[in-house]
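# Reading the structure
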Amino acid sequence: MGYTIPENSIIEFGTPYFWQITAWTDTEKIQSEVQTFETAIDSLENAAWIECGLKEGEEPSAPIFCKCFAVAKEILRARVYITGLGLFKCQANGYDCTDSLLTPPCTPYDEQTYFETLDITPYLKNGNNEFTVQLGNGYNKD
C-alpha cells in the first residue's frame, strides 16, 4: 500500500486540505471519514499584537479583550490565528472556539512561539457578532 503525490503539487500557506482513505479486502470496501488539516500562515510579521498595557512592576491580570462586529454577507470561511505568551481562551458569540486546554504549549518564548489556527466559521452568524479573548498568566512568569 502506498500513496502518490503529484509531481507539481504545491501546498499553500493558510489552506485547508481534506482527504479520505479507502481500503479494499477480498470481500469489502472500507472508507474512513473525511479528515482535514490546515497549513499555517507564512508569517506573523504583520499580525496585530495586543498587549494589556501593564506598567512596570504591576502584576498581570487575566484581561479580556472583546470585539463586536456585524456581518452582512454569507460567511464562507472565518479563521483566527492566535497565540499568547501564556494561556488564552477565545470565544465567538459565547461558544468556545476550541476544546483544547492550556494552549499554546510551553516554549522558550524568546526563541519560539506557537500559534493556533481556529476555524470559527460555525460560531459566526449574519448580523451582530462578539469575539472575546481572555489571557491568562500562563507559563511566562519569572
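Relevant structure appears above.
Residues numbered from 1 in each chain as written. Predicted model: local features only at pLDDT ≥ 70, side-chain atom pairs only at ≥ 80, totals over all residues. Heavy atoms only, no water.

### Here we look at the pairing of strand β9 (residues 116-119)
Side chains of β9 alternate between two faces, with Glu 116 and Leu 118 buried and Thr 117 and Asp 119 left unburied. In this structure, strand β6 (residues 79-82) lies alongside β9, joined through four bridges in antiparallel fashion. In the strand pairing of β9, Val 80 is matched with Leu 118. (Buried < 20%, exposed > 50% of the residue type's maximum accessible area, 1.4 Å probe, protein only. Helix = DSSP H or I, 4+ residues; strand = E, 2+ residues; numbered from the N terminus. Pairing = 2+ DSSP bridges.)

### Brief notes about the sheet that holds strand β7 (residues 88-92)
Taking strand neighbours across the sheet as the criterion, the four strands line up as β5-β10-β7-β8 in an open arrangement whose pairing is antiparallel. The two strands at the open ends of the sheet, each matched to only one other strand, are β5 (64-71) and β8 (95-96). Relative to strand β10 (residues 127-135), β7 is paired through five bridges, and the arrangement is antiparallel. If you follow Gln 91 over to β10, its bridge partner there is Thr 132.

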